[in-house]
Amino acid sequence: MIEKLITRLDGVKRTGHGRYIARCPAHADKSPSLTITEKGGKILFHCFAGCEPADVLAAIGLTFSDLYPEKSTYNKGSSRTAAFNPYDVLKCLAREAGIVTLAARQIVHKAPLSETDAERVDLAYNRLRDAAELMGVRL
């Protein structure tokens, strides 16, 4: 699995068993700031410049499902419950809440939302509602 990631990176150097360092593709990295480790069948990576993992993967044309194809995903209406990392869930919910908050501020300042912005706010609302329903909260 780790080969799928490290073969797409520049400046890769092995630093130990299942450990590598490379230049981060998500920013103009002149010296290696991305660490990659394979541990317990999982690939862990971190950019010390602060790049988000999804941005690192997107910069090299990968997604999390490329690295973890067997991982469960949420399908609305599915009878199977998927396991999610609580930190990732809270981070996503905070992002969606932030989108709604920014839209509300724009409206308060009497600045109309574009059609694209209105569609994104609707998506954020639906995601927040779905999350609440998964937790047994009816809105």
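K.L.:
Whenever I open this one, the overall build of the protein chain confuses me. Can you help?
P.N.:
Check the secondary structure of the protein chain and you find five helices and four strands. Along the protein chain, helices and strands appear, N-terminal first, in the series α-β-β-β-β-α-α-α-α. The buried share among the 139 residues of the protein chain stands at 23%. Taking the contacts inside the protein chain whose residues are at least 6 apart along the sequence as the reference set, 36% of them involve residues at least 24 apart.

K.L.:
Looking at this structure, how should I read helix α5 (residues 115-134)?
P.N.:
Given 3.6 residues per turn, any residue in an α-helix points the same way as the ones three and four places further on. For α5, spanning 20 residues, the distance from its first C-alpha to its last is 29 Å, which sits close to the expected 28 Å at 1.5 Å a residue. Considered for burial, the residues of α5 that qualify are A124, R129, D130, A131 and A132. Tucked inside the fold, the buried residues of α5 contact α4 (86-108).

K.L.:
Would you take a moment to explain the pairing of strand β4 (residues 42-47) for this structure?
P.N.:
Regular strands place side chains that alternate from one sheet face to the opposite one. Along β4, the buried face is formed by I43, F45 and C47; none of K42, L44 and H46, which line the opposite face, is buried. Connecting strand β3 (residues 34-39) to the next strand, β4, in antiparallel fashion are two residues, including G40 with a positive phi near 60°.

K.L.:
What should I look at first to understand the sheet that holds β4 in this one?
P.N.:
Strands belonging to one sheet form pairs held by backbone hydrogen bonds; the direction of such a pair is parallel or antiparallel. Here we have four strands laid out as an open sheet, ordered β1-β2-β3-β4, and antiparallel in their pairing. In this open sheet, the two strands that pair with only one neighbour each are β1 (10-16) and β4. When strand polarity is set aside, the average angle formed by the axes of neighbouring strands in this sheet is 20°. Relative to strand β2 (residues 19-23), β1 runs antiparallel, the two sharing four bridges. Paired with R14 across the two strands is Y20, which belongs to β2.

How each quantity is defined
Residues numbered from 1 in each chain as written. Predicted model: local features only at pLDDT ≥ 70, side-chain atom pairs only at ≥ 80, totals over all residues. Heavy atoms only, no water. Helix = DSSP H or I, 4+ residues; strand = E, 2+ residues; numbered from the N terminus. Buried < 20%, exposed > 50% of the residue type's maximum accessible area, 1.4 Å probe, protein only. Contact = heavy atoms within 4.5 Å. Expected span 1.5 Å × (residues − 1). Pairing = 2+ DSSP bridges. Axes fitted to C-alpha atoms, helices over the stretch in contact; angles between N-to-C directions.

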